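Here are the chains, one letter per residue:
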Amino acid sequence: MKWFPQKGPQRCSVARIPEEDIAMGCRVRLARNLREHVFPDRATARQRAVVLSKVMRVIQKEDPAFSRLTLDDLPETERLLVYETRLISKELSERDSGAGIVMAQDASVSAMINEEDHLRIQGFAPHMDIEAAWRKADALDTTFDAYLQYAWTPRWGYLTACPSNLGTGMRVSVMFHLIGLRMTGDLEAAIRGLERMRLLVRGIYGEGSESSGQIFQISNMDTLGMDEAAILTRIRRICEELVRQERNARARAICNSPLAVEDTLARALCLLKNVLLLPSGEAMELLSALRFGVSVGLVTKLTVKKIDQLMLTIQPAHLQREVDKTLTPEQRDEFRAVLLKRQLSKATLRKIAQ
Amino acid sequence: MKCEICHSAEAERAIMKKAKGQPDQELYVCAGCAIEAKLAEHDEELGSLKKTAEKLAKKPPAPPQEPDALPELVGMIIDATLEIINHALPSQEPACPQCGVTRTEYRKASRLGCAVCYETFAKELTGLIADMHRTPKHDGKAPKKPVPSKEVQKLMRQLSAAERARRMEDADTLRAAIRSLGWRPDAPGGDAG
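**Side note on the pairing of strand 10 (residues 170–177) of chain A**
All names here are of chain A. Counting buried positions along strand 10 yields eight of eight residues, so the element is predominantly enclosed. Residue alternation in strand 10 divides its side chains into two sets, Met 170, Val 172, Val 174 and Phe 176 and Arg 171, Ser 173, Met 175 and His 177, and both sets are buried. Summarising the sheet, strand 3 (residues 23–32) and strand 10 pair through seven bridges and their orientation is antiparallel. Each bridged residue has a counterpart across the sheet, and for Arg 29 the counterpart in strand 10 is Arg 171. Of the strand pairs in this sheet, strand 10 and strand 12 (residues 215–220) are connected by five bridges, and their pairing is antiparallel.

Below you can see the structure in the form of structure tokens.
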């Protein structure tokens with residue numbers, strides 16, 4: 001077993017960095033369309049309303065405990081709130097009419113209605129349990145299949161608005177915190193490698209979003225030609241390798257540049273405890289550094305779970321919900337700084353033993 | 001070599017790109033982009049034709065003291081020309097019978113309008129999908145009761161009628177058409193191929 005450093009109170013093995021600190025969560029998404037209905041982008045408001053109503057009726061009959069939400073009734077701030085929790089995409093949050101979501105009580109499975117496709121079924125699971133996420137999405141898909149006629153052909157599988165999603169319509173995504181690879185300067189090469197293996201590397205909020213706090217969403221590019229089990233096996237294998245590389249990178253960063261690592265953490269904590277205005281992008285970067293620090297035992301009196309919660313709480317809509325009023329960007333930055341200062345007051349640093 | 005416009009499909013032919021104030025540029029492009037470039041050229045010609053027609057239409061009418069049928073005639077010609085021009089392009093481009101999406105529209109938005117689009121544009125989509133995915137043949141989950149589209153169902157009915165009437169050539173053509181849309185012609189219940 002590789003240890004670093006060799007002695008001292010905070011010695012930490014590569015294997016001791018928990019997989020869940022690196023793989024933060026996963027999702028399996030299935031794209032489906034109804035055979036006789038025009039796809040959402042091309043449909044009129046009335047046509048979208050018909051699809052919305054059909055889907056809602058299925059859920060009402062099959063599982064009344066599911067939440068059924070029509071986004072048309074929600075104000076913009078509420079839509080943004082749901083978007084920040086990653087339950088809906090940017091595209092759905094911006095749909096002018098006919099958008100909806102049905103969701104299990106524990107939010108582990110849901111379906112967006114009238115996004116790019118009529119249905120975007122999503123199963124969620126913690127860390128890298130993509131098989132569990134698939135089982136949830138598959139079960140809801142089977143429920144819909146009993147009532148709705150899907151657009152499907154033997155040649156191209158499930159037909160989707162964009163041909164890039166054809167076939168299984170399945171996108172398996174795992175969220176990774178890749179700060180170690182960033183610290184060692186290997187991140188760009190790792191991303192290029194993933195892209196060469198036909199994987200998509202996106203930001204925290206999926207398609208079209210920027211990376212924030214070294215958090216990346218990795219997902220399969222090919223949806224046609226491989227069955228669901230083969231896609232899951234391939235993604236699992238690649239993700240396990242990515243976890244291994246990130247673990248080694250974190251270990252290398254500490255072994256090779258202990259002072260630089262300590263400095264990064266000290267700066268992050270110092271800023272988080274002292275600044276007066278804190279934009280969300282900067283806050284995410286600082287929290288990302290602390291998340292790494294907690295994971296390798298160099299930041300104490302704080303947990304990875306708490307940091308993950310804070311990463312959500314500091315988003316604009318969530319901040320406004322905390323104070324129950326609309327804030328200007330500067331007020332948000334001020335409130336974010338105050339909130340983080342309060343939440344991180346007890347966090348302390350430990351030195352790397354030489 | 002990849003197409004120098006879309007950078008995804010294989011280049012099949014060379015076209016001359018014309019830009020105002022610049023020398024013509026030769027580009028190697030795929031079939032889709034070649035047609036699109038041609039349509040853009042048409043659009044430009046159409047624009048200048050429309051401008052000329054509008055200028056003519058704005059011309060003051062001939063003085064009343066000189067009764068002449070010419071201005072009226074010119075107006076009629078311009079109206080007729082504009083109508084022809086306005087209807088000329090859409091009729092050249094096939095549109096999906098269910099949602100009305102044209103090839104230019106789906107290429108621009110990278111999205112199709114409905115399931116029937118996959119049949120309407122099957123020929124050109126075959127190449128696009130083969131470029132996009134490593135294996136362009138579905139493997140995986142299927143609906144419990146897959147139902148073909150109305151168009152495929154219609155072809156299947158026509159096939160049954162042709163077989164009953166022993167019109168073997170027609171039956172062969174229909175079988176090929178059904179296969180090209182991804183269904184098995186010998187499964188009239190709509191079973192997957």
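**So, the side chain of A:Arg29**
All names here are of chain A. Following the sequence through the fold, Arg 29 ends up in strand 3. Here Arg 29 sits buried without a salt bridge, and the closest side chain of opposite charge, Asp 117, lies 5.8 Å off (N-O distance). Side-chain polar atoms of Arg 29 contact the side chain of Asn 165, separated by 3.4 Å. Arg 29 has contacts with Arg 120, Ile 121, Gln 122, Asn 165, Gly 169, Met 170 and Arg 171, leaving out every residue within four places of it along the chain.

**A closer look at the nonpolar core**
Formed by 107 residues in total, the largest nonpolar core has its most connected members in A:Phe144, A:Phe176 and A:Leu340. Examining the composition of this core, we find that 10 residues originate from one element, helix 8 (residues 228–256) of chain A, more than from any other. Listed in part, the 22 residues of the second largest apolar core include A:Leu224, B:Cys96, B:Val101 and B:Val116.

**Description of the packing of helix 3 (residues 76–84) of chain A against helix 12 (residues 316–323) of chain A**
Residues and elements named next belong to chain A. Contact geometry for helix 3 and helix 12: axes closest at 8 Å, N-to-C directions at 120 degrees. The pairing of helix 3 with helix 12 is recorded here as oblique in orientation. Remark: the crossing between helix 3 and helix 12 carries left-handed chirality. Residues Thr 77, Leu 80, Leu 81 and Glu 84 of helix 3 touch helix 12, and the partners they reach there are Pro 316, Ala 317, His 318, Gln 320 and Arg 321.

**As for the environment of A:Asp263**
With respect to the helices and strands, the residue A:Asp263 is situated in helix 9 (residues 258–274). A polar atom in the side chain of A:Asp263 sits 2.8 Å from the side chain of A:Arg267.

**Thoughts on the side chain of A:Thr160**
Note that A:Thr160 resides in the loop between strand 9 (157–158) and strand 10. Judged by relative accessible area, A:Thr160 falls into the buried class, the value being 0%. A polar side-chain atom of A:Thr160 sits 2.8 Å from the main-chain carbonyl oxygen of A:Cys162. Every residue in contact with A:Thr160, bar those within four places of it in the chain, is listed here: A:Ala31, A:Asn33, A:Phe39, A:Asp117, A:Asn165, A:Leu166 and B:Tyr118.

**A closer look at the interface of chain A and chain B**
Contacts between the two partners involve 43 residues from chain A and, on the opposite side, 42 residues from chain B. Both sides of the chain A and chain B interface together cover about 3,700 Å² of buried area, and 54% of this is carbon and sulfur. The interface formed by chain A and chain B contains seven salt bridges. With a shortest N-O distance of 2.8 Å, B:Arg111 and A:Glu91 are connected by a salt bridge. Where chain A touches chain B, the interface holds 21 residue pairs in polar contact (both at pLDDT 80 or more). Every element with two or more residues in the side of chain A that touches chain B is listed here: helix 5 (130–145), strand 8 (152–153), strand 9 and helix 8 of chain A. When residues of the side of chain A that touches chain B are assigned to their parent elements, the largest contribution, five residues, is made by helix 5 of chain A. Classifying every residue of the side of chain A that touches chain B gives 16 nonpolar, 11 polar and 16 charged.

**Observations concerning the sheet that holds strand 7 (residues 119–126) of chain A**
Residue and element names in this part refer to chain A. A sheet is described by the order of its strands in space; here eight strands give the open sequence 4-5-6-7-3-10-12-11, paired in antiparallel fashion. The open sheet has two edge strands with one neighbour each: strand 4 (67–70) and strand 11 (199–202). Each adjacent strand pair in this sheet contributes to an overall mean axis angle of 20 degrees, direction not counted. This element, helix 7 (residues 187–196), spans strand 11 and strand 12 of the sheet and lies at about 140 degrees to strand 11.

Reading the values: rules and limits
- Residues numbered from 1 in each chain as written.
- Chains lettered and ligands numbered in written order.
- Predicted model: local features only at pLDDT ≥ 70, side-chain atom pairs only at ≥ 80, totals over all residues.
- Heavy atoms only, no water.
- Buried < 20%, exposed > 50% of the residue type's maximum accessible area, 1.4 Å probe, protein only.
- Helix = DSSP H or I, 4+ residues; strand = E, 2+ residues; numbered from the N terminus.
- Pairing = 2+ DSSP bridges.
- Lys, Arg positive; Asp, Glu negative; His and termini not counted.
- Salt bridge = Lys/Arg side-chain N within 4 Å of Asp/Glu carboxyl O.
- Polar contact = N/O pair within 3.5 Å; in protein donor to acceptor, adjacent residues only side chain to side chain.
- Contact = heavy atoms within 4.5 Å.
- Core = buried A, V, L, I, M, F, W, Y, C linked by side-chain atoms within 4.5 Å.
- Axes fitted to C-alpha atoms, helices over the stretch in contact; angles between N-to-C directions.
- Parallel < 35°, antiparallel > 145°, perpendicular 65-115°, else oblique.
- Left-handed = near helix turned anticlockwise from the far one by under 90°.
- Buried area = accessible area lost by both parts, 1.4 Å probe.
- Nonpolar A, V, L, I, M, F, W, Y, C, P; charged D, E, K, R; others polar.

So yeah, pure geometry; function would need other evidence.
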